[in-house]
Amino acid sequence: MEFENQEKPPSEWCRVIRVYSLLPAIILFMSALNAMLKPPTAPDSLLFLAILSIASLLAWLVARDIWLLRVREHPLWVDVFSYVVVLGGLAVLIFLRESRIYVCNTIYLDALCVWSSVPIAVVAWLTEKHKGVRVYIGARKLRFIHANAGL
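The structure reproduced in this document is the subject of the present report. (Residues numbered from 1 in each chain as written. Predicted model: local features only at pLDDT ≥ 70, side-chain atom pairs only at ≥ 80, totals over all residues. Heavy atoms only, no water.)

### Re the layout of surface pockets
Part 1: If you add up the space inside the largest pocket, you get close to 1,700 Å³.
Part 2: In terms of residues, the lining of the largest pocket owes the most to one element, helix α3 (residues 76-98), which gives ten residues.
Part 3: Residues of the lining of the largest pocket, tallied by class, amount to 26 nonpolar, six polar and six charged.
Part 4: Looking at the lining of the second largest pocket, the elements that each hand over two or more residues are α1 (16-37) and α4 (107-131). (1 Å grid on protein atoms, 1.4 Å probe; cavity = no way out; pocket = protein on both sides within 12 Å on 5 of 7 lines; lining within 4 Å. Points joined across faces, edges and corners; volume = space filled by probe spheres on them. Helix = DSSP H or I, 4+ residues; strand = E, 2+ residues; numbered from the N terminus. Nonpolar A, V, L, I, M, F, W, Y, C, P; charged D, E, K, R; others polar.)

If you want it as structure tokens, here you go:
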């Protein structure tokens, strides 16, 4: 566990609860605006369930580390690979949409982000409340700072 007794975390660190609470709020707001302009088509139930299962797995992996106060730093290649996969997937979806080959329902991406972000925010809030720490996220790892360190 990486506990710091410093007064403030470095400027590049953000509270997990703020990041993972703000992200779904923005996504839900943008989805509502998008739905008002153009009503979305109904999602495919099986694909939607698969997306929610993937989001649940992703949320569980991060939330477990937060609850157990575990600092896990993945190798740089894992981070680079995950960014390439995510950004490459988005680029492919944009290409397919613009070329009219396949128009993806954006509810799949919205559900993935919201369904994985909300549980992480709740677990971060519960961890901060019950374990007396503040949970921060930085470049590729978590940091836990004692709540009585003046924060």
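### A look at the packing of aromatic side chains
Any two aromatic rings considered together are summarised by their centre-to-centre distance and by the angle between their planes.
Part 1: The final tally for this structure, using the stated rule, is one aromatic pair.
Part 2: Summarising the aromatic geometry, the rings of Phe48 and Tyr108 are spaced 6.4 Å apart at their centres and angled 50° between planes, so their arrangement reads as tilted. Of this pair, Phe48 sits in helix α2 (residues 45-67) while Tyr108 sits in helix α4; the two residues are 60 residues apart in sequence, bridging distant segments of the chain.
Part 3: Exposure remark for Tyr108: the relative accessible area of 8% places this residue in the buried category.
Part 4: The ring of Trp60 has Arg64 lying over it, and the distance from NZ or CZ to the ring centre is 4.6 Å.
Part 5: The ring of Trp13 carries Arg143 above its face, with NZ or CZ at 4.3 Å from the centroid. (Phe/Tyr/Trp six-rings, centres within 6.5 Å; stacked < 30°, edge-to-face > 60°. Buried < 20%, exposed > 50% of the residue type's maximum accessible area, 1.4 Å probe, protein only. Lys NZ or Arg CZ within 6 Å of the ring centre and 35° of its normal.)

### Focus: the pairing of strand β3 (residues 133-137)
Part 1: In the sheet, strand β2 (residues 14-15) pairs with β3 via two bridges, with the strands oriented antiparallel. What sits directly across from Cys14, in β3, is Ile137.
Part 2: In this structure, β3 lies alongside strand β4 (residues 142-146), joined through five bridges in antiparallel fashion. Its bridge partner being in β4, Val135 is matched across the sheet by Phe144.
Part 3: Connecting the antiparallel pair β3 and β4 is a turn made up of four residues, with Arg140 showing a positive phi of about 70°. (Pairing = 2+ DSSP bridges.)

### Quick look at unusual backbone geometry
Part 1: Unlike most non-glycine residues, Leu69 shows phi in positive territory, near 55°.
Part 2: On the basis of relative accessibility, which here comes to 9%, the residue Leu69 falls in the buried class.
Part 3: You will see that Arg100, though not glycine, has its phi angle at about 65°, which is positive.
Part 4: Summarising the element assignment, Arg100 is placed in the loop between α3 and α4.
Part 5: Judged by its relative accessible area of 67%, Arg100 is exposed.

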